[in-house]
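# Coordinate inspection notes
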Amino acid sequence: MRKIIYCTSTLMKKRSLLALAICLIVLLLGNLTISRAALADAGGWEWRFNLVNPEEKKSFLMPVALYIATDSKRFYVVESGRNSLHSFAFDGTFLNSFGPEGVLKEPFDMVRKADSGELFVVEKGRNTLTKINLKDKKVSPETLHYKGSVVYPDRIAMHDDKIYVLDKATGDIVSYSYDLTPIASYESKGQGFVDFVIKGSNLWAFDSRMRKVSRFSLEGKLEQQIELKGEELSFPVAIAIGPAGFIYILDKHKGSIAVFDNSGNYKYSFFEKGHSNYKLYFPEGIIFDSLGRLCVVDAGNGRIGIFSR
Amino acid sequence: MRILRMMLFVFLLILINSTIALADINCYKCHDKKDFSGRYGHQPVVKGACYECHSPHVAKYKNLLRVKETELCFQCHSKVKKEQVDKKVVHPPFAESNCVACHNPHGSSNKGLLTGSNQGEGCLNCHKDLVDKYKIKHPPFAEGDCGACHNAHSSDRIQLLIDEPDKLCVSCHDGEISSSHKGFPVKVKERACLTCHNPHGSDRPSLVRNVLHEAYKDGCSECHDKAGATPGFEKCLECHDEIGEKINNIHSHQTNKSGNGCINCHSPHASDYENLLRNRQEQVCRKCHFDTWANYVDKPFQHPDRGICSNCHGIHGSGNLAMLKSDGNATCEGCHETQGKFTHPVGDGVLDPRNGQTMTCVTCHYPHGTVYEHNLKLSGSMELCIQCHKNY
């Protein structure tokens, strides 16, 4: 009798263990499926961390641009809501801030000269491209001109000793030397560009209203016009070229990113409008860093989201 | 087998009887035939086949219709819906399948069974603001030929136009444009007609719009040089300097290939609208922000005065999210004085746990329009609240 009871209890223990193991496997599989589904919604991009305001500890107020200094492996965040610039290491560690004392007026975008460390900042409030020497804290605002007209700087980029400036007034792009002498222009044939990016030996500019991407040589020759097809974009505002050469278009109102091949055919979209991670709210820009990570300037959520695959 | 034959016979008898019964119905015994006739007749009425749309005995729908009014027309006219409903701009009655708003389903004196004594009369039943508005009328408008420029169902162009505005003008006025603009410093450019002319009518000769820009009254040279080129922003700001400060902001509406973004929205010469806008404000904004309009236009809960965008948005420039005049609380408090005082806490120090941003009215409300009461973003019964209150 005792033997029978022992056998039964052993059997029951084994069954319980088996049931527990099955439960665990099911749970794990479920979790795996859910996280895979979430990743699929994010186009395979996995959220790594957010850059946030070092003083507030929580979020920026209207971050509008991110500059990536590949040489020094730093992120620079332009926070227009607090008229500040912030630098971070590539792992997200906060390094420094500039501007909270009211030196800047509505900063909108920036670049950094690698050899001297000088910053060039678009100040919308002054309508200037402002040179900042961090060592001696010297700030020199300059009003830009092109062909006799005042230029209203919007997005800027730096490449091979030149500063590229998108003129908000005309929607054209003008390149300048460091002493701010105009060199070449990249003209929109449509309604004006809203954003551009330099990748390799090309400048890619996006005309939002025409839904067209223009690919220029860096000398200013229009090499290709790409019509974006197959996806109804709501309010596209920014462009990035992915590591595989695909065109990434940020849709501010949809809170999503649409991907097109380099003939303009729609491939897929990811992210959606909202407030949690993997969701965007009135985002302003997208950029790929040298590690292939996707960085999203999410103005409405007050953060820079860093994603990788 | 015999039973089966019997059943088949009975079934055939019933079928023949019912057909005879329908054919025998003379609706005009009770309904006056005059009310159903016109120069143009709807084919079922012409054939006397009233039963194609109406059930003579009993029906689930108003007017003894066989199917829902919104579905009935498209049972035959399916091609119309298929081809036209997916356009960018859809006329609201067509979008709502409310065909009888414009068409008489029995007969009419107009082609296409349009209501009214001419084509335009039906249009003016809704577009009342155009009735007797102008001393001098554009002939197609005076004749009620709205279809000369507009497609009544849908279009890919603003205001349901059948072509680009200037192409439409040139299609009739090609020969006379140069001769009637002698003395103009430049060639009359494309897309320029509506800058000065109202396509419906005006109180001025040549349909020049009623309100002239002060500078334009004094002649072209106030703004243009001899070459006649479009002057840049700075020329406008010489008089309207208060706008300059607003434009120098994070968001603005500056871009125009000519280098002068003012003319995106304002006519530099003549207008029929406040502040020399090129059209009603809602139409001006919708030209570029079509997606915003499309996002709320069919929603059951919409903000009043939603067409006056400048009530909430800094339309010349703004440093705030969504180009609001101020932050998401102050903008609303201009009208909703009690908001935030006895409702959910909002404002400084109240942070959205999802992103650390200050809670404002627009955290929970989408002011243009939504499917939820009070313009909430999600259902207020629970769905919205648990976005933040996870343990609710």
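Residues numbered from 1 in each chain as written. Chains lettered and ligands numbered in written order. Predicted model: local features only at pLDDT ≥ 70, side-chain atom pairs only at ≥ 80, totals over all residues. Heavy atoms only, no water.

## Some points on the sheet that holds strand S3 (residues 74–79) of chain A
Backbone-to-backbone hydrogen bonds pair the strands of a sheet. The strands run either parallel or antiparallel. Residue and element names in this part refer to chain A. Filter applied, for reference: Between any two strands, pairing holds if DSSP finds at least two bridges. The helix and strand labels rest on DSSP assignments: H or I over at least four residues marks a helix, E over at least two residues marks a strand, and numbering proceeds from the N terminus. Axis angles are defined between N-to-C directions and span 0 to 180 degrees, where every axis is a line fitted to C-alpha atoms and, for a helix, only to the segment in contact.
Read from one edge of the open sheet, four strands run S2-S3-S4-S5, paired in antiparallel fashion. Looking at the sheet topology across the chains shown, the edges are occupied by strand S2 (63–69) and strand S5 (94–98). Averaged over all pairs of adjacent strands, the angle between strand axes in this sheet comes to 20°, irrespective of strand direction. Sheet analysis places strand S4 (residues 84–89) next to S5, joined by four bridges and oriented antiparallel. Opposite Ser87, over in S5, you have Asn96 as the bridge partner.

## A word on the domain arrangement of chain B
Worth spelling out the cut-off: Throughout the structure description, domain borders are defined by an automatic or database domain assignment.
In terms of domains, chain B is made up of domain 1 (2–158), domain 2 (163–278) and domain 3 (292–315 + 323–387). On a C-alpha basis, the centroid separation for the pair domain 2 of chain B and domain 3 of chain B is 36 Å.

## A look at the pattern of salt bridges
What counts here: Within this document, salt bridges are pairs made up of a side-chain nitrogen of Lys or Arg and a carboxyl oxygen of Asp or Glu, the two lying within 4 Å of each other. Working definition: with a 1.4 Å probe on protein chains only, accessible area under 20% of the residue-type maximum means buried, over 50% means exposed, and in between means partly exposed.
Tallying each qualifying case throughout the model produces 24 salt bridges over all chains. Ionic pairing is found between A:Asp172 and B:Lys257, a salt bridge with its closest N-O pair at 2.7 Å. Here the residue A:Asp172 occupies a position in the loop between strand S13 (162–167) and strand S14 (173–176), and B:Lys257 occupies one in the loop between strand S8 (251–252) and helix H14 (262–265), the pair thus bridging two chains. Exposure remark for A:Asp172: the relative accessible area of 12% places this residue in the buried category. With a shortest N-O distance of 3.7 Å, B:Arg280 and B:Glu282 are connected by a salt bridge.

## Comments concerning the confidence of the model for chain B
Definition in use: On a range of 0 to 100, pLDDT expresses the predictor's confidence in each residue.
Predicted confidence across chain B gives a mean pLDDT of 86, with 92% of residues reaching 70 or more. As scored by the predictor, the complex reaches a pTM of 0.81 and an ipTM of 0.85.

## Quick word on the layout of surface pockets
All names here are of chain A. So the rule is basically this: Definitions used throughout: a 1 Å grid over protein atoms alone; a cavity as a set of points that fits a 1.4 Å probe which cannot get out; a pocket as an open set with protein on both sides within 12 Å along at least five of seven lines; a lining residue as one with an atom within 4 Å of a point. Grid points are joined across faces, edges and corners, and a volume is the space filled by probe spheres set on the points. All amino acids are sorted into three groups, where Ala, Val, Leu, Ile, Met, Phe, Trp, Tyr, Cys and Pro are nonpolar, Asp, Glu, Lys and Arg are charged, and the leftover types, Gly among them, are polar.
Estimated volume of the second largest pocket: approximately 900 Å³. Lining the second largest pocket we find 39 residues, and of these Tyr67, Ile68, Val197, Ile198 and Ile287 sit closest to its centre. Secondary structure elements with two or more residues in the lining of the second largest pocket: S2, strand S6 (107–112), strand S12 (153–159), strand S16 (195–199), strand S20 (236–241) and strand S26 (285–288). It is S2 that contributes the most residues to the lining of the second largest pocket, six residues altogether. Residue composition of the lining of the second largest pocket, by class: 23 nonpolar, seven polar and nine charged.

## Thoughts on the interface of chain A and chain B
What counts is decided by this rule: Contacts between residues were defined by any pair of non-hydrogen atoms, one from each residue, lying within 4.5 Å. The term buried area denotes the loss of accessible surface (1.4 Å probe radius) that occurs when two parts are joined, taken as the sum for both partners. Whenever a nitrogen or oxygen atom comes within 3.5 Å of another N or O atom, the pair is scored as a polar contact, on the condition that within protein one atom can donate a hydrogen and the other can accept it, and that pairs from neighbouring residues in sequence are kept only if both atoms are in side chains.
Every contact between the two is made by 38 residues of chain A and, on the other side, 29 residues of chain B. Of the roughly 2800 Å² buried where chain A meets chain B, counting both sides, 51% is carbon and sulfur surface. When the buried area of chain A at its contact with chain B is split by residue, A:Tyr152, A:Lys168 and A:His275 rank highest and sum to 21% of it. For the pair chain A and chain B, the interface holds one salt bridge. At the boundary of chain A and chain B, one finds 15 residue pairs in polar contact (both at pLDDT 80 or more).

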